[in-house]
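Topology and contacts: notes
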Amino acid sequence: MQQLIRVLVVDDSAFLRKVVSQMLSRSPFIEVVATARDGAEALELVEEHRPDVVTLDLMMPGMDGVTFLREQMRRRPVAVVVCSIAHESGEMALGALEAGAVDFVQKPTALATEKVFEIADELIEKVKAASLVRLPRAAPEPTSDTASGNMVETKPRTATTADIVVIGVSTGGPQALRHLIPQLPADLPVPVAMVLHMPVGYTEMYAQRLNDISTLEVAEAREGDLIRPGAVFLAPAGRHLSFVRQSDGSVRAHLDLHPMDTPHRPAVDVLFRSAAEAYGARTLGVVMTGMGQDGLLGAGHIKAQGGRIVTEAESSCIVYGMPRAVDEASLSDRRVPLEQMAATILELV
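Reading the values: rules and limits
Residues numbered from 1 in each chain as written. Predicted model: local features only at pLDDT ≥ 70, side-chain atom pairs only at ≥ 80, totals over all residues. Heavy atoms only, no water. Helix = DSSP H or I, 4+ residues; strand = E, 2+ residues; numbered from the N terminus. Buried < 20%, exposed > 50% of the residue type's maximum accessible area, 1.4 Å probe, protein only. Contact = heavy atoms within 4.5 Å. Areas by Shrake-Rupley, 256 points an atom, 1.4 Å probe, with all protein chains shown as cover. Polar contact = N/O pair within 3.5 Å; in protein donor to acceptor, adjacent residues only side chain to side chain. Pairing = 2+ DSSP bridges. Axes fitted to C-alpha atoms, helices over the stretch in contact; angles between N-to-C directions. Salt bridge = Lys/Arg side-chain N within 4 Å of Asp/Glu carboxyl O. Right-handed = clockwise from strand over helix to strand, strands pointing away. Parallel < 35°, antiparallel > 145°, perpendicular 65-115°, else oblique. Left-handed = near helix turned anticlockwise from the far one by under 90°. Nonpolar A, V, L, I, M, F, W, Y, C, P; charged D, E, K, R; others polar.

A word on the overall build of the protein chain. For the protein chain, the helix and strand inventory stands at 13 helices and 14 strands. The buried share of the protein chain, taken over its 349 residues, is 57%. A sequence separation of at least 24 residues applies to 73% of the contacts in the protein chain between residues at least 6 apart. Total accessible area on the protein chain stands at roughly 14,700 Å², and carbon and sulfur atoms take up 49% of it.

Before going further, it helps to examine the environment of Asp38. With respect to the element layout, Asp38 can be found in the loop between β2 (30-36) and α2 (39-49). Overall, Asp38 belongs to the buried group, its relative accessible area being 19%. A sequence separation of 20 residues divides Asp38 from Leu58, and the C-alpha atoms of the two residues are 9.1 Å apart. Once residues lying within four places of it in the same chain are set aside, the contact partners of Asp38 are Val10, Met60, Pro61 and Met63. For Asp38, the side chain forms a polar contact with the main-chain nitrogen of Glu41, separated by 2.8 Å.

For the peptide bond that leads from His258 to Pro259, omega is 5 degrees, which places it in the cis range. With respect to the helices and strands, the residue Pro259 is situated in the loop between β11 (251-256) and α10 (268-279). Here the amide bond leading from Arg265 into Pro266 is cis, since omega sits at 10 degrees, within 30 degrees of zero. When you line up the elements, Pro266 lands in the loop between β11 and α10. Even without a glycine there, the phi angle at Arg50 is positive, about 45 degrees. Position of Arg50 relative to the elements: it lies in the loop between α2 and β3 (53-56). What makes Arg50 partly exposed here is its relative accessible area of 42%. With a phi close to 60 degrees, Ser330 is a non-glycine residue in the positive phi region. Considering the arrangement of structural elements, one finds Ser330 in the loop between α12 (322-328) and β14 (334-336).

On to the sheet that holds strand β1 (residues 5-10). Strand order across the open sheet formed by 5 strands is β2-β1-β3-β4-β5, with parallel pairing between neighbours. Edge positions in the sheet fall to β2 and β5 (103-106), since each has one partner strand and no second. With direction set aside, neighbouring strand axes in the sheet form an average angle of 25 degrees. Across the face of the sheet, helix α1 (residues 14-24) comes into contact with β1, β2 and β3 while running at roughly 170 degrees to β2.

By way of backbone hydrogen bonds, the strands of a sheet pair with one another, either parallel or antiparallel. Reading across from one edge, β8-β9-β7-β6-β12-β13-β14 is the order of the 7 strands in this open sheet, with parallel pairing throughout. The open sheet has two edge strands, β8 (217-220) and β14, and neither has a second partner. For this sheet, the mean angle separating the axes of adjacent strands, direction not counted, is 20 degrees. Looking at chain direction, strand β7 (residues 192-196) and strand β9 (residues 231-234) are connected through 3 bridges and run parallel. Each residue of the ladder has a partner; that of Val192, found in β9, is Val232. Here helix α11 (residues 296-304) sits on the sheet in contact with β6 (164-169), β12 (283-287) and β13 (308-312), set at roughly 145 degrees to β13.

As a further point, take the pattern of salt bridges. Tallied over the full model, the rule gives 21 salt bridges. Between Glu47 and Arg50 there is a salt bridge whose closest N-O contact spans 3.1 Å. The closest approach of N and O atoms between Asp333 and Lys303, which form a salt bridge, is 2.7 Å. Of the two residues, Asp333 is situated in the loop between α12 and β14 and Lys303 in helix α11; the sequence distance between them amounts to 30 residues. Classification of Lys303 as partly exposed rests on a relative accessible area of 27%. Within the structure, one salt-bridge network assembled from shared partners comprises Glu91, Glu98, Arg178 and Arg209.

Moving on, we get to the pairing of β1. The element β1 is largely enclosed, with a buried count of 5 among its 6 residues. Each parallel crossover has a hand, and the one from β1 via α1 to β2 is right-handed.

Quick look at the packing of helix α4 (residues 90-99) against helix α9 (residues 203-213) now. The N-to-C vectors of α4 and α9 enclose an angle of 55 degrees; their axes lie 10 Å apart at closest approach. Between α4 and α9, the angle falls in the class oblique. Between α4 and α9 lies a crossing whose hand is right-handed. Note on element contacts: α9 touches α4 through Met205, Tyr206 and Arg209, opposite Gly90, Glu91, Leu94, Gly95 and Glu98. A per-class count over the contact of α4 with α9 returns 3 nonpolar, 2 polar and 3 charged.

Spelled out as C-alpha cells, the structure:
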C-alpha cells in the first residue's frame, strides 16, 4: 500500500488554504497535515510536522514565499511546489525555482471556487512528483562570478563534430541550467537550443537571468532568429521551437503551436526531431532532470540520423524520469552527472 504523502499548505488567504486542502484531499494518497498563513508560521510547522511536500504561495505579508524557501532550504531541504498567481509574482516565482522549488502551479486570476478547482488535477500530480524528488540539490549554486572565472577550461578547438547542441529538461531544470549554461565558454563553436517545461510568462525572464550570469548570449527564441554559434535559444513557453534550413545553408528558428497533441508545449521531442532533420548526424542531444519521458522519441530521431545523446546521471537529477526513459531505451551514449555535463558537451562538440 502506498504511503501517504504528507503536505503542508501555505497561503495567506484562509479561503485558499481551505480550497487547496480540499483539492489535495481528493487524492487518497495525500494527507494535508497542517496549514500556514505566512512564511514564519510555515517554518515552525515544517519543523513540527516534517511534511513530505509544501505547497507555497509567494505573495504573503510578513515573510513571503521566497524568503521562507531560502531559509527552509538552509535549515532542512524540503520539496516545495509553488502555487501562486503568475502575473503578480513572476520575478518571485523565478526566484523560488532558483532557490530550490521543484515545480510551479499557476492559480487562476479569478478566485471563484470553480476556477480554483480547475487546477486540482495538476496540483495533485505535481505534489505526487515532488514527493519523489532527490533533496538536497547536489550542485552548487552559481553566482555572478561563474561566467567570468569558473568556466570549464577547454583546449583550443580546430574542428567540431557537432553543429548544434539541443537540451531538454523539466523538473529541476531552472537550477540545473543555472549551473550548466554559465560554464559554457564565450567561444562555444556551436549554437545551443533548449526546451524547459515552464509556465507561460516565465521563459523570457528566465532567459534574461541566464544571460546575466553567462558569457554566451542567452535569449528566448523568436520567430526567424538566426541559429548561430555562441548563442543560446530558450523555447518560449506555449510554443514549439523547431529549425528551418534556408537556401543559403543558414538555419533559422520557427515557433509554432503545432503539433497540438504533445503533453508539453514546447516539447523536447519536437525540438530534437527538428534538430535531427536540420543537422543530421552533427546533432548532440542532452536530456536532463525531469519527470515523464519527453525527449525519448526525439532522442530516437537523433540517433537514427547518426547523432549522439548525453543523459544526466541519476545521482544529480532532481527527478530521474526523462533521462531514465532515454537510458532504458539504450539511446544514451554518455551518462554524466550535472557537475561534468559542461565538460562532456565541450568534449563532444
